[in-house]
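Take a look at the letters that make up each chain.
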Amino acid sequence: MAQTDSNANTGQPLRLAIAGLTHDHVTGLLRALPVRKDVQLVGIAEPNAALAAKYVSRYHLAPGLIYPDLDKMLTEVKPQAVVIYTSTFEHLQVVEICAAHSIDVMMEKPMAVSNEEAAAIAQAARKSKINVLVNYASTWDPVNTLAFDTVAKNTIGEIRKIIFYKGHSGPKEIGCSPEFFNWLTDPKLNGGGALFDFGCYGANISSWFMNNQRPLSVTAFTRQTKPAIYKNVDDDATVIITYGKVQIVIMASWSWPYGRDNIEISGTNGSIQTIDSRTAILHISGKAEEKITAPPIESPYNDSLTYLAAVVNGKIKPHDTPSLENNMLVTEILDAARQSAKSNSTIQLK
């Protein structure tokens with residue numbers, strides 16, 4: 001917990017601020033907040049006045065919530081936590097400003113565009129003793145917890161291969177806003193294209209499954225299947241990660257004919273394949289396939305804002321997929337994958 005939290009035991013809502021509005025995932029947050037009693041929006045920092053005005057009109061926000069400067073907003077409204085909806089490249093700057101105010105943060109995935117920026121984020125967090133969390137939609141899907149528990153119970157034996165299928169038909173094709181599209185397709189602001197946008201999910205979940213072990217090597221291949229649209233970044237990436245006997249394959253793409261979000265985990269005695277956010281297929285050697293439904297995840301681990309509030313209030317410690325430790329590994333894997341694709345070689349992680 002970064003600061004003394006007067007609301008921790010009073011039942012008062014978490015005082016939450018938003019940094020940035022250029023990430024389209026913020027729309028889901030702004031739709032959810034009016035019906036939540038446990039979170040209170042106290043400020044939004046967005047330097048683009050026209051973009052801020054668009055959100056004020058669309059979501060009927062009080063104009064007084066908007067600040068053009070993050071530091072000023074934090075000084076005046078004193079939130080307990082900040083959620084970050086900027087480009088990935090801007091995460092470091094926001095974390096450093098929040099760290100100066102001793103305010104915990106949760107950012108949209110991935111954490112950083114490079115190992116150097118990830119290290120700087122970690123340094124700022126540790127120096128100021130704030131919590132830094134990373135929000136992945138996959139964290140709150142019950143089927144992924146079901147898959148993890150199935151592996152942990154040794155139901156399918158020792159893991160040998162995990163294959164991730166993640167992505168959609170492309171940011172332009174699905175109608176991303178101009179502000180989101182502009183930085184998603186900028187190699188400096190996003191770190192890459194589909195490799196960073198969707199490869200991070202596989203790196204995040206596989207690091208969780210492998211108990212945050214460092215991989216031995218990373219090999220990646222990237223392509224531009226639609227160069228007229230995505231001329232500066234990859235739109236299709238395949239990443240191979242090795243952990244001794246275990247191989248991870250991540251297929252991240254903006255070129256799927258439709259949205260894909262599936263994991264296939266094969267062990268020495270069987271496999272489990274996720275179908276949707278609640279359903280999986282379990283196949284044990286010598287037995288018929290079985291369709292299984294994941295039970296709901298218990299609070300506060302079932303929702304990003306509930307989880308954030310629990311961390312800020314000191315009720316739980318950051319762990320698993322949102323944790324700084326996990327996401328340092330995610331950045332290392334993505335950075336190595338980018339190097340591998342550029343050099344057409346396997347990157348050994350020493």
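In case you missed it, the structure is sitting above this.
Residues numbered from 1 in each chain as written. Predicted model: local features only at pLDDT ≥ 70, side-chain atom pairs only at ≥ 80, totals over all residues. Heavy atoms only, no water.

Looking at the overall build of the protein
Item 1. A count of helices and strands for the protein gives eleven helices and 15 strands.
Item 2. The C-alpha atoms of the protein give 20 Å as radius of gyration, which agrees with the globular expectation for 350 residues (20 Å, within 12%).
Item 3. For the protein, the residues scored as buried account for 58% of the 350 residues in total.
Item 4. For the protein, long-range pairs separated by at least 24 residues make up 72% of all intrachain contacts whose partners lie at least 6 apart in sequence.
Item 5. Of the accessible surface of the protein, which amounts to about 15300 Å², a share of 51% is contributed by carbon and sulfur atoms.
Item 6. Treating the 32 positive side-chain charges of the protein as one cloud and the 34 negative ones as another, the clouds have centres 1 Å apart. (Helix = DSSP H or I, 4+ residues; strand = E, 2+ residues; numbered from the N terminus. Rg over C-alpha atoms; globule rule 2.2 N^0.38 Å. Buried < 20%, exposed > 50% of the residue type's maximum accessible area, 1.4 Å probe, protein only. Contact = heavy atoms within 4.5 Å. Areas by Shrake-Rupley, 256 points an atom, 1.4 Å probe, with all protein chains shown as cover. Lys, Arg positive; Asp, Glu negative; His and termini not counted. Charge placed at Lys NZ, Arg CZ, Asp CG, Glu CD.)

Notes on the packing of aromatic side chains
Item 1. All told, the structure shown has twelve aromatic pairs when counted by the stated rule.
Item 2. Consider the rings of Tyr-55 and Tyr-59, whose centres lie 5.9 Å apart with planes at 15 degrees: the pair is stacked.
Item 3. With 4.4 Å between their ring centres and 5 degrees between their planes, Phe-148 and Trp-208 make a pair best called stacked. Here Trp-208 lies in helix α9 (residues 194–209) and Phe-148 lies in helix α6 (residues 142–152), a separation of 60 residues in the sequence. Here Phe-148 matches Trp-208 in class, with each residue buried.
Item 4. An aromatic cluster is defined as three or more aromatic residues linked by ring pairs; in this entry it consists of Tyr-136, Phe-198 and Tyr-201.
Item 5. The side chain of Lys-166 reaches across the aromatic face of Tyr-201, ending 4.1 Å from its centre.
Item 6. The ring of Trp-256 carries Arg-260 above its face, with NZ or CZ at 4.8 Å from the centroid. (Phe/Tyr/Trp six-rings, centres within 6.5 Å; stacked < 30°, edge-to-face > 60°. Lys NZ or Arg CZ within 6 Å of the ring centre and 35° of its normal.)

With respect to the pattern of salt bridges
Item 1. Scanning the entire structure with this criterion turns up ten salt bridges.
Item 2. Close ionic contact of Arg-223 with Asp-236 constitutes a salt bridge, the shortest N to O distance being 3.2 Å. With Arg-223 in strand β8 (residues 217–223) and Asp-236 in strand β9 (residues 236–243), the pair connects residues that are 13 residues apart, well separated along the chain.
Item 3. Members of the salt-bridge network, linked through shared partners, are Arg-36, Asp-38 and Asp-303. (Salt bridge = Lys/Arg side-chain N within 4 Å of Asp/Glu carboxyl O.)

Here we look at helix α5 (residues 115–128)
Item 1. Helix length check: α5 (14 residues) gives 20 Å between terminal C-alpha atoms against 20 Å at 1.5 Å per residue, within 8%.
Item 2. Looking at the buried residues of α5, the elements they touch are α4 (91–100), β6 (132–135) and α11 (324–343).
Item 3. Following α5 by one or two positions, Lys-129 has its phi on the positive side, about 60 degrees. (Expected span 1.5 Å × (residues − 1).)

A look at the side chain of Ser-340
Item 1. Positionally, Ser-340 belongs in helix α11.
Item 2. A relative accessible area of 0% means that Ser-340 is categorised as buried.
Item 3. A polar contact of 2.8 Å, which involves the side chain of Ser-340, links it to the backbone nitrogen of Ala-220.
Item 4. With residues up to four places along the chain from it excluded, the contact list for Ser-340 reads Val-218, Thr-219, Ala-220, Ser-345, Thr-346 and Ile-347. (Polar contact = N/O pair within 3.5 Å; in protein donor to acceptor, adjacent residues only side chain to side chain.)

Describing the nonpolar core
Item 1. Ranked by size, the top nonpolar core spans 81 residues in total, and within it Val-82, Val-95, Val-132, Phe-209 and Ile-265 carry the most contacts.
Item 2. Residue contributions to this core peak at ten residues, all from α9.
Item 3. Counting 32 residues, the second-largest nonpolar core is a separate cluster that includes Leu-14, Tyr-59, Trp-140 and Tyr-307. (Core = buried A, V, L, I, M, F, W, Y, C linked by side-chain atoms within 4.5 Å.)

Here's the deal with the packing of α9 against α11
Item 1. Between α9 and α11, whose axes approach to 9 Å, the crossing angle comes to 130 degrees. In terms of their interaxial angle, α9 and α11 are classed as oblique. In the packing of α9 onto α11, the handedness of the crossing is right-handed. Contacts between α9 and α11 involve Leu-195, Phe-196, Gly-199, Cys-200, Ala-203, Asn-204, Ser-207 and Trp-208 from the former and Asn-326, Asn-327, Leu-329, Val-330, Ile-333, Leu-334, Asp-335, Ala-337 and Arg-338 from the latter.
Item 2. Here the contact of α9 with α11 is composed, by residue class, of ten nonpolar, five polar and two charged. (Axes fitted to C-alpha atoms, helices over the stretch in contact; angles between N-to-C directions. Parallel < 35°, antiparallel > 145°, perpendicular 65-115°, else oblique. Left-handed = near helix turned anticlockwise from the far one by under 90°. Nonpolar A, V, L, I, M, F, W, Y, C, P; charged D, E, K, R; others polar.)

Here's the deal with the packing of helix α3 (residues 70–77) against α4
Item 1. Where α3 meets α4, the axes come as close as 10 Å, and the angle between the chain directions of the two elements is 30 degrees. Classed by the angle they form, the pair α3 and α4 counts as roughly parallel. Judged by the sense of rotation from one axis to the other, the crossing of α3 with α4 is right-handed. Across from Leu-70, Asp-71 and Leu-74 in α3, the residues of α4 making contact are Val-94, Ile-97 and Cys-98.
Item 2. Here the contact of α3 with α4 is built from residues that sort into five nonpolar, no polar and one charged.

Considering the pairing of strand β2 (residues 39–45)
Item 1. Of all seven residues in β2, six are buried; the element is thus mostly enclosed.
Item 2. With six bridges joining them, strand β1 (residues 14–19) and β2 adopt parallel strand pairing. Counted as the bridge partner of Ala-19 is Ala-45 from β2.
Item 3. As paired strands, β2 and strand β3 (residues 66–67) are joined by two bridges and run parallel to one another. Across the sheet, residue Ile-44 finds its bridge partner in β3, namely Ile-66.
Item 4. Viewed along the sheet, the connection from β2 through helix α2 (residues 49–58) into β3 turns out right-handed. (Pairing = 2+ DSSP bridges. Right-handed = clockwise from strand over helix to strand, strands pointing away.)

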